[in-house]
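# Summary of the model geometry
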Amino acid sequence: MSVRKYSVMIAGHRTSVSLEPEFYATLKKIAADKGMTPAELITRIDAERTDSLSSSLRVFVLKAVSGD
């Protein structure tokens, strides 16, 4: 798996996250299932994170697909 950078707008500013395409695709699907844009979901995750944003997104996706 290769890591790619994705540009997103959170909290009113542009930033980028480094994720494997599979993680980003799953994050987009989770957002759509919740009726949100990926940026809205990432903003929520960002507000609650205690680790790097990319790591927090991976953990969120893993918990979501495992049912935690």
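Basis of the calculations
Residues numbered from 1 in each chain as written. Predicted model: local features only at pLDDT ≥ 70, side-chain atom pairs only at ≥ 80, totals over all residues. Heavy atoms only, no water. Core = buried A, V, L, I, M, F, W, Y, C linked by side-chain atoms within 4.5 Å. Buried < 20%, exposed > 50% of the residue type's maximum accessible area, 1.4 Å probe, protein only. Helix = DSSP H or I, 4+ residues; strand = E, 2+ residues; numbered from the N terminus. Contact = heavy atoms within 4.5 Å. Salt bridge = Lys/Arg side-chain N within 4 Å of Asp/Glu carboxyl O.

This part is about the nonpolar core. If you look at the biggest cluster of nonpolar residues, it comprises 17 residues, and the most contacted ones within it are L19, Y24, L27, L41, I42 and L57. Looking at this core, the elements that each hand over two or more residues are β1 (4-10), β2 (13-19), α1 (21-33), α2 (38-48) and α3 (53-66). Top contributing element to this core by residue count: α1, with five residues. Once you skip the residues sitting within four places of it in the chain, Y24 turns out to touch Y6, V8, L19, P38 and I42.

Tallying each qualifying case throughout the model produces three salt bridges. The salt bridge involving R58 is made with E20; its shortest N-O contact spans 3.0 Å. Placement of the pair is R58 in helix α3 and E20 in the loop between β2 and α1, with a sequence separation of 38 residues. Taking the relative accessible area as the measure of exposure, E20 reaches 12% and is therefore buried. R49 is the salt-bridge partner of D46, the closest N and O atoms lying 2.6 Å from each other. What makes D46 buried here is its relative accessible area of 19%. Taking the relative accessible area as the measure of exposure, R49 reaches 35% and is therefore partly exposed.

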